[in-house]
Amino acid sequence: MHSFGYRLNALLTFSVTILALMCAMASFSDNLNTPSPSVEIQIVNINWFQKQPRGNDEVSLTMNISADLQSLFTWNTKQVFVFVAAEYETPKNSLNQVSLWDAIIPAKEHAKFWMHTSNKYRFVDQGNNLRGKEFNLTLHWHVMPKTGKMFADKIVMSGYQLPEEYR
Ligand SMILES: *[C@@H]1O[C@H](CO)[C@@H](O)[C@H](O)[C@H]1NC(C)=O
Ligand SMILES: *[C@@H]1O[C@H](CO)[C@@H](O)[C@H](O)[C@H]1NC(C)=O
């Protein structure tokens, strides 16, 4: 005769197994979700462009950032950190990366937006390489999940160029 305790134990084991299976399926389905975020950034204005007294070029620009990052959000997403960086090559460095703007997107409802903003962080070169410089703007994102591991990716937009002259 099986005791009540034995049956309770069997039931518990069964529930825990189902729960584990559901968790595995859920995180699997989360991985199956292939996000397709989109972004477009226009340089609306070059506010000013100068050589600093110390000799480094600095530019201030206004961007129109429009993005739809809703597909990055799943049931398992806590928040998404995004940043926009200018990336360009100089004789000294094959990759210069300057962060211009960032944000934390707390929920899917806020993941589709456009905004007019000047660079939040200074766009300063380590030298005076910026006149006429071609550069890329990249949108990087870090998806912070409720459980499981963080993942990051980016979209690269090329074809931007700074003016030939200081202004
Ligand atoms: C910014 O870009 C979005 C999408 O391209 C557009 O709808 C919006 O009107 C633009 N805003 C400004 C101020 O240019
Ligand atoms: C800019 O983007 C183009 C096209 O994706 C790529 O070939 C190039 O290496 C990028 N430049 C930098 C400095 O990352």
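Every value quoted in this text rests on a predicted model; they were computed, and no experiment measured them.

Moving on, we get to the overall build of the chain. Along the chain, the regular secondary structure elements total 1 helix and 8 strands. Helices (α) and strands (β) of the chain occur, in sequence order from the N terminus, as α-β-β-β-β-β-β-β-β. Scaling as 2.2 N^0.38, a compact globule of 167 residues should have a C-alpha radius of gyration of about 15 Å, whereas the chain reaches 24 Å, well beyond that. For the chain, the spread of C-alpha atoms along the principal axes amounts to about 90 × 30 × 25 Å. Residues counted as buried form 37% of the 167 residues belonging to the chain. Carbon and sulfur atoms make up 56% of the accessible area of the chain, which totals about 10600 Å².

A full pass over the atoms with the stated rule returns 2 salt bridges. Salt-bridge contacts for Glu58 lead to Arg122; the nearest nitrogen and oxygen are separated by 2.7 Å. Residue Glu58 is located in strand E2 (residues 57-68), and its partner Arg122 is located in the loop between strand E5 (112-118) and strand E6 (123-124); the two are separated by 64 residues in the primary sequence. Here Asp102 and Lys120 are joined by a salt bridge, their closest N and O atoms 2.5 Å apart. Highlighted residues: Asp102 in strand E4 (residues 96-105) and Lys120 in the loop between E5 and E6, separated in sequence by 18 residues. For Asp102, a relative accessible area of 15% corresponds to the buried category.

So, on to the site of ligand 1. Close to ligand 1 lie Asn64, Ser66, Trp114 and His116, which account for all nearby residues. Interatomic distance of 2.4 Å between a side-chain N/O atom of Asn64 and an oxygen atom of ligand 1. Broken down by secondary-structure element, the contributors of at least two residues to the shell around ligand 1 are E2 and E5. For the shell around ligand 1, the residue count by class is 1 nonpolar, 3 polar and no charged.

Surrounding ligand 2, one finds Tyr88, Leu95, Asn136, Val156 and Ser158. Contact between ligand 2 and Asn136: an oxygen atom at 2.3 Å from a side-chain N or O atom of the residue. The fraction of the free accessible surface of ligand 2 (360 Å²) that becomes covered by protein chains is 47%. A breakdown of the residues in the shell around ligand 2 according to their chemical character gives 3 nonpolar, 2 polar and no charged.

As a further point, take a nonpolar patch on the surface. Residues Phe4, Leu8, Leu11 and Leu12 make up a contiguous nonpolar surface patch of roughly 450 Å² in combined accessible area. The topology assignment puts Leu11 in helix H1 (residues 4-32). Using a relative accessible area of 52% as the deciding quantity, one classes Leu11 as exposed.

Considered domain by domain, the chain is made up of domain 1 (1-32) and domain 2 (35-161). Centre-to-centre, using C-alpha coordinates, domain 1 lies 45 Å away from domain 2.

What follows concerns the side chain of Thr77. Following the sequence through the fold, Thr77 ends up in strand E3 (residues 77-88). On the accessibility criterion, Thr77 (9% relative accessible area) is buried. There is a polar contact of 3.3 Å between the side chain of Thr77 and the backbone oxygen of Leu72. In terms of polar contacts, Thr77 uses its side chain to reach the backbone amide nitrogen of Thr74, at 2.9 Å.

With that settled, the discussion passes to the pairing of strand E7 (residues 134-145). Examined bridge by bridge, E3 and E7 share 10 bridges and lie antiparallel to one another. The partner of Gln79 across the bridge, within E7, is Met144. Where E7 meets strand E8 (residues 151-161), 9 bridges bridge the pair, whose relative direction is antiparallel. Residue pairing in the sheet places Val143 in a bridge with Phe151 of E8. Between the antiparallel neighbours E7 and E8 lie 5 residues, among them Gly148 with a positive phi of about 100°.

The rules behind these values
Residues numbered from 1 in each chain as written. Chains lettered and ligands numbered in written order. Predicted model: local features only at pLDDT ≥ 70, side-chain atom pairs only at ≥ 80, totals over all residues. Heavy atoms only, no water. Helix = DSSP H or I, 4+ residues; strand = E, 2+ residues; numbered from the N terminus. Rg over C-alpha atoms; globule rule 2.2 N^0.38 Å. Buried < 20%, exposed > 50% of the residue type's maximum accessible area, 1.4 Å probe, protein only. Areas by Shrake-Rupley, 256 points an atom, 1.4 Å probe, with all protein chains shown as cover. Salt bridge = Lys/Arg side-chain N within 4 Å of Asp/Glu carboxyl O. Near = heavy atom within 4 Å. Polar contact = N/O pair within 3.5 Å; in protein donor to acceptor, adjacent residues only side chain to side chain. Nonpolar A, V, L, I, M, F, W, Y, C, P; charged D, E, K, R; others polar. Patch = residues over 30% accessible without salt bridge, like charges linked within 9 Å, V, L, I, M, F, W, Y side chains within 5 Å. Domains from an automatic or database assignment. Pairing = 2+ DSSP bridges.

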